[in-house]
Amino acid sequence: MSILNVIPSSSPAARSTVVAASMLVRVLGVALLLAAPAGHVWLFTTAALFLGIGNQAWPAAHAALVATVAHGRERDAALAGGRALRNAGLGAGALLATACLAGGVTALRALAAVTGLAYLAAAALAWSVHLRTRPAATAAEDGAGGPAPRMRTLPAANVVYVFCLNVPEIALPLVLVTQLHASPVWSAAIFVANTVLVVTLQVPVTVLMSRFSRRTVLALAGVVLAASYLGFLVATSLGHGWGAPAVATVSVVCTIGEIIYAGSATALVTALAPAHLLGRALARFQLSTGFGLAVSPAVITALASHGPAALWGGLSAATLLSASASAVAAEKDRGTRLSGCRRRTRAGS
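Computed from a predicted model, the values in this text were never measured in an experiment.

### Remarks on the overall build of the protein chain
(1) Moving on: Of the regular secondary structure elements, the protein chain holds 12 helices and 0 strands.
(2) Moving on: In the protein chain, the succession of helices and strands from N to C terminus is α-α-α-α-α-α-α-α-α-α-α-α.
(3) Moving on: Buried positions account for 44% of the 349 residues belonging to the protein chain.
(4) Moving on: Counting only contacts in the protein chain whose residues sit at least 6 apart along the sequence, the fraction spanning at least 24 positions is 81%.
(5) Moving on: Element-wise, carbon and sulfur atoms account for 71% of the exposed surface of the protein chain, whose accessible area totals about 16,500 Å².

### Quick look at the packing of aromatic side chains
(1) Moving on: Evaluation of the coordinates by the stated rule reveals 3 aromatic pairs.
(2) Moving on: Geometrically, the ring pair formed by Y161 and Y261 is stacked, given 5.2 Å between the ring centres and 5° between the ring planes. On the criterion of sequence distance, the pair formed by Y161 in helix α6 (residues 153-161) and Y261 in helix α10 (residues 239-272) is long-range, its members being 100 residues apart. Across this residue pair, the class does not change: Y161 and Y261 are buried.
(3) Moving on: Through pairs of rings, three or more aromatic residues link up here, namely Y229, F232 and W312.

### A word on helix α2 (residues 41-69)
(1) Moving on: For α2, with 29 residues, the first-to-last C-alpha span of 42 Å sits near the 42 Å given by 1.5 Å per residue.
(2) Moving on: W58 marks the point of greatest bend in α2, at about 30°, and the proline P59 comes within the next four residues.

### A closer look at the packing of helix α3 (residues 72-101) against helix α4 (residues 104-127)
(1) Moving on: Packing of α3 against α4 leaves a shortest axis separation of 8 Å and a crossing angle of 150°. The angle between the axes of α3 and α4 places the two elements in the roughly antiparallel class. Of the residues in α4, those touching α3 at L96, A97, C100 and L101 are G104, A107, L108 and L111.
(2) Moving on: The residue makeup of the contact of α3 with α4, split by class, is 7 nonpolar, 1 polar and no charged.

### Quick word on unusual backbone geometry
(1) Moving on: At H181, a residue that is not glycine, the phi angle is positive and equals roughly 55°.
(2) Moving on: Classification of H181 as exposed rests on a relative accessible area of 58%.

### Points about the pattern of salt bridges
(1) Moving on: Per the stated rule, a full pass over the model turns up 3 salt bridges.
(2) Moving on: Of the charged contacts, one joins D76 and R214 as a salt bridge, the two residues approaching to 2.9 Å between their closest N and O atoms. Of this pair, D76 sits in helix α3 while R214 sits in helix α9 (residues 214-236); the two residues are 138 residues apart in sequence, bridging distant segments of the chain.
(3) Moving on: Judged by its relative accessible area of 4%, D76 falls in the buried class.

### Quick notes on the side chain of S16
(1) Moving on: On the secondary structure map, S16 appears in helix α1 (residues 12-35).
(2) Moving on: The contact partners of S16, leaving out residues within four places of it in the chain, are L65, A126, W127 and V129.

### Digging into the nonpolar core
(1) Moving on: Core analysis: the biggest nonpolar cluster contains 55 residues, and V167, Y229, F232, V247, Y261 and W312 have the highest contact counts within it.
(2) Moving on: Secondary-structure elements contributing two or more residues to this core are α2, α6, α7 (163-179), α8 (184-208), α9, α10, α11 (278-304) and α12 (308-348).
(3) Moving on: Looking at this core, the element that brings in the most residues is α10, giving 13 residues.
(4) Moving on: Contacts of V167, omitting those with residues within four sequence positions, involve L172, P173, Y229, F232, C254 and W312.
(5) Moving on: Formed by 14 residues, the second largest nonpolar core is a distinct cluster that contains V18, L51, A61 and A126.

### A short note on the environment of C100
(1) Moving on: On the secondary structure map, C100 appears in helix α3.
(2) Moving on: Taking relative accessible area as the criterion, C100 reaches 15% and is therefore assigned buried.
(3) Moving on: In this structure, the C-alpha to C-alpha distance between C100 and A110, residues 10 residues apart in sequence, is 9.0 Å.
(4) Moving on: Leave out the neighbours within four places in its chain, and C100 touches A107, L108 and L111.

### With respect to the side chain of T195
(1) Moving on: Locating T195 in the fold gives a position in helix α8.
(2) Moving on: Once you skip the residues sitting within four places of it in the chain, T195 turns out to touch N87 and G91.

### Quick notes on the environment of A227
(1) Moving on: Position of A227 relative to the elements: it lies in helix α9.
(2) Moving on: Classification of A227 by relative accessible area gives partly exposed; the value is 44%.
(3) Moving on: Note: C-alpha distance between A227 and G257 (30 residues apart in sequence) is 9.2 Å.

### A look at a nonpolar patch on the surface
(1) Moving on: Together, L24, L117 and L120 make up a nonpolar patch on the protein surface, roughly 290 Å² of accessible area in all.
(2) Moving on: Following the sequence through the fold, L120 ends up in helix α4.

### Quick word on the environment of I190
(1) Moving on: Along the polypeptide, I190 turns up in helix α8.
(2) Moving on: On the basis of relative accessible area, I190 is assigned to the buried category, the value being 4%.
(3) Moving on: Sequence spacing of I190 and L172 is 18 residues, and the spatial spacing of their C-alpha atoms is 8.5 Å.
(4) Moving on: Beyond its immediate sequence surroundings of up to four residues, I190 is in contact with L172, L176, V247, A248 and S251.

The rules behind the values
Residues numbered from 1 in each chain as written. Predicted model: local features only at pLDDT ≥ 70, side-chain atom pairs only at ≥ 80, totals over all residues. Heavy atoms only, no water. Helix = DSSP H or I, 4+ residues; strand = E, 2+ residues; numbered from the N terminus. Buried < 20%, exposed > 50% of the residue type's maximum accessible area, 1.4 Å probe, protein only. Contact = heavy atoms within 4.5 Å. Areas by Shrake-Rupley, 256 points an atom, 1.4 Å probe, with all protein chains shown as cover. Phe/Tyr/Trp six-rings, centres within 6.5 Å; stacked < 30°, edge-to-face > 60°. Expected span 1.5 Å × (residues − 1). Bend = angle between axes of the 7 residues up to and from the residue. Axes fitted to C-alpha atoms, helices over the stretch in contact; angles between N-to-C directions. Parallel < 35°, antiparallel > 145°, perpendicular 65-115°, else oblique. Nonpolar A, V, L, I, M, F, W, Y, C, P; charged D, E, K, R; others polar. Salt bridge = Lys/Arg side-chain N within 4 Å of Asp/Glu carboxyl O. Core = buried A, V, L, I, M, F, W, Y, C linked by side-chain atoms within 4.5 Å. Patch = residues over 30% accessible without salt bridge, like charges linked within 9 Å, V, L, I, M, F, W, Y side chains within 5 Å.

What follows is the structure, given as C-alpha cells:
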C-alpha cells in the first residue's frame, strides 16, 4: 500500500527515513528516465511508475513527519503550509518546464537531471532530521492511544472530494473548449489563478477555520464544492459570450472549496488516528486520494459526454453525499475512540 507500512510508524526517526525513502524512489525514477534511449517505451514506463510511486508516498510520509513535530491546530497550519509550498513548487516547475521546451530534448534532459539532484538533496535533508520525542508521550498528549479507528467511509468519501483537484485541469478546459468554444487562454488563466490562490490562502484559510471542528470544516468544504459545481452548470448555460467569464468567476469559489478541503481532510485523519498507527492511517487515506486522482479524468470525461447537467449535477450530488457521509463517519470514529479511552481508564482504576 505504501512505504509507510514497511517501516514501523511508531518511531519518529523512522518517519524521517520514510520521507527520505520516498524522495529516493523519485531519484530512481529520474535516473531510469535519463537512461531510457529514444523509443524505449518500457523503460520510460518503468521510470514513470517509480516517479508515480514516489509522488504518492511522499504526501503521507510528510504528513506523518509533520504530525510528529507539531500537535493540535499548529499541526494543521504546518500541513497547510506544506501544501502551499508544494503548489508553489509545482507552479514554478511547470513554468520552468515550459521554458525548457524551447530548448528541445537537451534542455529537458538537463532539467530532469537537476530535478533528480534536487530530490537527492531533499532526501539527505529529510534523513538528517533525527527527533528525540517519545511516541508514548506523543500518544498521551494527543489522546491517540489504543486501536486504529475503522476509517472506511472517510477514505471512500475522499475519493469523491479529490475530484475537485482535477476540475481546473480537466473538467474546465474540456467544458471551455469543447462546449463553450472559448479560447484556451481562459483555461490557462483559471489554472494560474487556482495555483496563486492556493499558495496565498491555504494557510490563512486553514487558521481561520481552526475555530470549528475539523469534521465540520470538511463537511463545509463539500457544501462549497457542491455549490461551485452547480455554479458551473449555470455558467455554462450562458453560452459563448458570458459563459467563459462566468466559469472563471465560479472557479474561484471552487478553489476556496478545495482549500478548505485540503486544510481539513489530512488534519482530520491525523487527529483521529492513534500516534503509533498514524503512518498506516495516512497511507490508506493517501491511497484513496491516488485512486480518486486516477479515476476522475475518465469519470469527468464520461459525464461530460452526456452534457453539463450530467457532469456538474452528478459531481454536486456525489460531493454532498460524501460530505454528509464523512461527517457521520468522523463523528462515529471519534465516539469509538472516546469510549475506548473511558474503558481503559476504568480498567486502570
